[in-house]
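If you want the building blocks of each chain, they are given just below.
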Amino acid sequence: MTLPVQPDRFLADLHKLRSFGASGTGKGVVRRAYTPADLDARDWLAEQIAAAGLTPHFDEMGNLFGLAEGPSLLMGSHSDSQPEGGWLDGALGVIAALEVARAAKEAGGPAVSMVSFQDEEGRFGVTTGSAVWSGHMSQEAADRLTDTDGVTLAEARAVLGDRVAGPVEQGRFTGFMEMHIEQGPWLDAEGDRIGVVSDIVGIRSMMITFEGEQNHAGTTPMHLRKDAFQAMVTFAGRLNERFRNVVTPSTVWTNGHVTLHPNATSVVPGKVTFSMQWRDAETDRLGRMETIIRDTAREVAEETGMAVDFGDMLWLDPVAMDGRLKGALADAAEAVAPGKWREMPSGALHDATNVAQHMPVAMLFVPSIGGISHDFAEDTAEEDLVTGLKVLAGAVARLG
Ligand code: GLV
Ligand code: MN
Ligand code: MN
């Protein structure tokens, strides 16, 4: 049995989705969760879902489901973007799911539902929409999260208005499959067309604040300063040294967001708040890194006479993909791209991590040109997008 997916229809919808929040720079998009561009995209997607004969359904978080009747396989990803997002991160998995669900409906089965999760890219948290849907985070805790402008998630999601239809039971789905771009260099560099994911790394993320003393940048002698920026730089450098004996070549850590107060050229900064995120395939190592982070920050604060504060830690543990679903993807990959696929881990986070708490999950990657993602320049050859779609459809047909 094959599923009659239509590559032209799939590519046309993928480009249409790109028009919501198109950045004007290359193919990039700016579609932060709950912004007008995100909501317009979700409203358009709801129309396509209805046209495909599925039932569009928004839950309280703004996760948009396209529901088939009865028990069904769930497929999808997210349609929100990073502040300078690529056109495929998330969008590819959503539109591939739409096309497979639509083709399955036209073929008279199997039953396939789809979803676009909300705030995967973390305007507020980490994979927030699927974290709440799966019960990893309560709605109340999520509502207290704030974005970098101080807007709470509760305030942001109020724009959903009467779109919200209520909760969606996890039990109606038999499994979850997510297609995504690799977002790393390996498939592109080594000429493979498909990656079948083995596991997804775990992540820890929190905000750290050093508070020193704001003062005049011309009159305050260096030895009397409590410069919060200097504390952050010392901390970051010392952390790199201390991690050396703990990490592997695939462990990563990032300070991606910094707020300096008052952020003025002639003022010794009195306060710095920055993000501290770390990722690894092993839960134990993530814990050892957390201890080093907290100890090092306290040590720097003590040496410099400053205060240090740690925000709530957001976390997701590493997750292995389900053997049966992964096997169906591998069989389909060998049929569509013989000898041109590999099994590989995911260093990026995905909604599949949260969904795995309720059902078997599996993921499929296509190459990212030059390994670029979370950037307007992100892209994938259209031929590879279509190869991925065919592998996904082939896996669904195999699973029946
Ligand atoms: C998801 O976009 C991630 O940060 O891995
Ligand atoms: Mn993504
Ligand atoms: Mn992303």
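Computed from a predicted model, the values in this text were never measured in an experiment.

## Re the site of ligand 1
In the vicinity of ligand 1, the contacting residues are E120, E121, R279, A348, L349 and H374. A distance of 2.7 Å separates an oxygen atom of ligand 1 from a polar atom in the side chain of E121. Within the backbone of L349, an N or O atom sits 2.7 Å from an oxygen atom of ligand 1. Within the complex, 90% of the 190 Å² of free accessible area of ligand 1 lies under protein. Classifying every residue of the shell around ligand 1 gives two nonpolar, one polar and three charged.

## Here we look at the coordination of the manganese ion (ligand 3)
Reference values for angles at a metal are 109.5 degrees in the four-donor tetrahedral case and 90 or 180 degrees in the six-donor octahedral case. The manganese ion (ligand 3) binds to the protein through D89 (OD), E121 (OE), E121 (OE) and H374 (NE2); the donor distances cover 2.1 to 2.4 Å. All donors of the manganese ion (ligand 3) belong to a single chain; written as a sequence motif, their spacing is D-x31-E-x252-H. Between the two metals, the manganese ion (ligand 3) and the manganese ion (ligand 2), the spacing is 3.5 Å, and D89 donates to both. Note that D89 is positioned in the loop between β3 (72-78) and α3 (91-106) and E121 in the loop between β4 (112-117) and α4 (128-134), a separation of 32 residues in sequence.

## A short note on the pattern of salt bridges
A full pass over the atoms with the stated rule returns 22 salt bridges. Residues D192 and R342 are paired through a salt bridge, measuring 2.9 Å at the closest nitrogen-oxygen approach. On the criterion of sequence distance, the pair formed by D192 in the loop between α7 (186-190) and β6 (194-200) and R342 in strand β16 (residues 341-346) is long-range, its members being 150 residues apart. In this structure, E241 and R244 form a salt bridge, with 3.2 Å as the shortest nitrogen-oxygen distance.

## Some thoughts on the pairing of strand β12 (residues 271-280)
Two faces make up the sheet, and in a regular strand the side chains alternate between them. Extensive coverage of β12 is indicated by the burial of eight of its ten residues. Looking at chain direction, strand β7 (residues 202-211) and β12 are connected through ten bridges and run antiparallel. The residue bridging M207 from the neighbouring strand is S275, located in β12. Here strand β9 (residues 252-254) pairs with β12 via three bridges, running antiparallel. Counterpart to W253 in the pairing with β12 is W278. Where strand β10 (residues 258-261) meets β12, four bridges bridge the pair, whose relative direction is antiparallel. Bridge pairing in β12 links H261 to K271.

## Concerning the coordination of the manganese ion (ligand 2)
Around the manganese ion (ligand 2), the protein contributes the donor atoms H78 (NE2), D89 (OD) and H180 (NE2), at 2.0 to 2.3 Å from the metal centre. Sequence spacing among the residues donating to the manganese ion (ligand 2) works out to H-x10-D-x90-H. Judged by its relative accessible area of 1%, H180 falls in the buried class.

## Some remarks on the packing of helix α2 (residues 36-51) against α3
In contact at an axis separation of 10 Å, α2 and α3 are set at 20° when each is read in the N-to-C sense. Here α2 is positioned roughly parallel relative to α3, judged by the angle of their axes. When you trace α2 past α3, the crossing you get is left-handed. Where α2 approaches α3, its residues W44, L45, Q48 and I49 are matched on the opposing element by V94, I95 and L98. Of the residues belonging to the contact of α2 with α3, the class tally is six nonpolar, one polar and no charged.

What counts as what
- Residues numbered from 1 in each chain as written.
- Chains lettered and ligands numbered in written order.
- Predicted model: local features only at pLDDT ≥ 70, side-chain atom pairs only at ≥ 80, totals over all residues.
- Heavy atoms only, no water.
- Near = heavy atom within 4 Å.
- Polar contact = N/O pair within 3.5 Å; in protein donor to acceptor, adjacent residues only side chain to side chain.
- Areas by Shrake-Rupley, 256 points an atom, 1.4 Å probe, with all protein chains shown as cover.
- Nonpolar A, V, L, I, M, F, W, Y, C, P; charged D, E, K, R; others polar.
- Donors = N, O, S within 2.8 Å, 3.2 Å for Na, K, Ca; no water.
- Helix = DSSP H or I, 4+ residues; strand = E, 2+ residues; numbered from the N terminus.
- Salt bridge = Lys/Arg side-chain N within 4 Å of Asp/Glu carboxyl O.
- Buried < 20%, exposed > 50% of the residue type's maximum accessible area, 1.4 Å probe, protein only.
- Pairing = 2+ DSSP bridges.
- Axes fitted to C-alpha atoms, helices over the stretch in contact; angles between N-to-C directions.
- Parallel < 35°, antiparallel > 145°, perpendicular 65-115°, else oblique.
- Left-handed = near helix turned anticlockwise from the far one by under 90°.
- Contact = heavy atoms within 4.5 Å.

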